[in-house]
Amino acid sequence: KDHVETLTNLPRAMQKLMFKGLLKDETKTLKDLKISKNSKMMLVGTTMSDLVAVTTKPSSTEIAQSSSIPKKEPLGKQKMHQKVIEKGKPEDVMAGIAGVKHPLPTQPLNGMVNKSGGKVRLTFKLEEDSLWIGTKARTEKIKHEQWYQRRV
């Protein structure tokens, strides 16, 4: 690693060498590890200047520039959502009341459409701890752990 540092200016502590996996034992030589001439290795590392650039606080001008980045457009204003709204409500749409919390339903939720206008139904399978998203063509089964990770 000392020789690699002289070649790349990567500090020894910031180097990860890989040859058929990560080389964890830093005390062995290349000969001990049976690495022969013309073998390919991979070096992953970070220079100190790159590390400092990431860990320093942004300047006030950088903060001002980042605030000029456009914010995400609300769902109701997005083109895809507008196309669905223009087609009108599906005839089997279920009514909802804002601010009221209900337990997960045992029967499928109908009256929704996907981005291409096809009908979609949601079924909460509490006994299987999963959510089923069904269309005419297919049904995707999502376990609760996956569902939670997608929301976050």
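Okay, so let's go over this structure.

Conventions adopted
- Residues numbered from 1 in each chain as written.
- Predicted model: local features only at pLDDT ≥ 70, side-chain atom pairs only at ≥ 80, totals over all residues.
- Heavy atoms only, no water.
- Helix = DSSP H or I, 4+ residues; strand = E, 2+ residues; numbered from the N terminus.
- Buried < 20%, exposed > 50% of the residue type's maximum accessible area, 1.4 Å probe, protein only.
- Contact = heavy atoms within 4.5 Å.
- Areas by Shrake-Rupley, 256 points an atom, 1.4 Å probe, with all protein chains shown as cover.
- Pairing = 2+ DSSP bridges.
- Axes fitted to C-alpha atoms, helices over the stretch in contact; angles between N-to-C directions.
- Phe/Tyr/Trp six-rings, centres within 6.5 Å; stacked < 30°, edge-to-face > 60°.
- Lys NZ or Arg CZ within 6 Å of the ring centre and 35° of its normal.
- Salt bridge = Lys/Arg side-chain N within 4 Å of Asp/Glu carboxyl O.

## Things to note about the overall build of the protein
(1) Moving on: Helix and strand counts for the protein stand at 5 helices and 6 strands.
(2) Moving on: Tracing the protein from N to C terminus, the helices and strands come up as α-β-β-α-α-α-β-β-β-β-α.
(3) Moving on: A burial count over the protein gives 13% of its 152 residues as buried.
(4) Moving on: Counted over contacts in the protein with a minimum sequence separation of 6, partners at least 24 positions apart contribute 26%.
(5) Moving on: Working note: accessible area of the protein is about 13,100 Å², and carbon and sulfur atoms make up 57% of it.

## Quick notes on the pairing of strand β5 (residues 130-134)
(1) Moving on: Counting buried positions over the 5 residues of β5 gives 4, a clear majority of the element.
(2) Moving on: When strand β4 (residues 119-125) meets β5, the two strands line up antiparallel, connected through 5 bridges. The residue bridging Phe124 from the neighbouring strand is Leu131, located in β5.
(3) Moving on: Between β4 and β5, which pair antiparallel and follow one another directly, the connecting turn spans 4 residues, one of which, Asp129, has a positive phi of 55°.
(4) Moving on: As paired elements, β5 and strand β6 (residues 139-143) share 5 bridges and run antiparallel to each other. When the bridges of β6 are listed, Gly134 appears paired with Thr139.

## Side note on the side chain of Thr123
(1) Moving on: As for its position among the elements, Thr123 is in strand β4.
(2) Moving on: Leave out the neighbours within four places in its chain, and Thr123 touches Pro108, Ser130, Leu131 and Trp132.

## Section: the sheet that holds β6
(1) Moving on: An order of β3-β4-β5-β6 is seen for the 4 strands of this open sheet, with the pairing classed as antiparallel. In this open sheet, the two edge strands, each paired with only one partner strand, are β3 (109-113) and β6. Each neighbouring strand pair of the sheet contributes to a mean axis angle of 25°, computed without reference to strand direction.

## Observations concerning the packing of aromatic side chains
(1) Moving on: Throughout the structure, instances matching the rule amount to 0 aromatic pairs.
(2) Moving on: Sitting above the plane of the Trp132 ring, Lys125 keeps its charged end 4.5 Å from the centroid.
(3) Moving on: The ring of Trp132 has Lys141 lying over it, and the distance from NZ or CZ to the ring centre is 4.5 Å.

## So, the pattern of salt bridges
(1) Moving on: Tallied over the full model, the rule gives 1 salt bridge.
(2) Moving on: Between Glu140 and Arg138 there is a salt bridge, with its nearest N and O atoms 4.0 Å apart.

## Let's talk about the environment of Thr123
(1) Moving on: The exposure class assigned to Thr123 is buried, which follows from its relative accessible area of 11%.
(2) Moving on: Between the C-alpha atom of Thr123 and that of Pro108, which follows or precedes it by 15 residues, the distance is 4.4 Å.

## So, the side chain of Ser130
(1) Moving on: For Ser130, the location among the structural elements is in strand β5.
(2) Moving on: Judged by its relative accessible area of 9%, Ser130 falls in the buried class.
(3) Moving on: Apart from the residues within four sequence positions on either side, Ser130 is in contact with Thr123, Phe124, Lys125, Ile142, Lys143 and His144.

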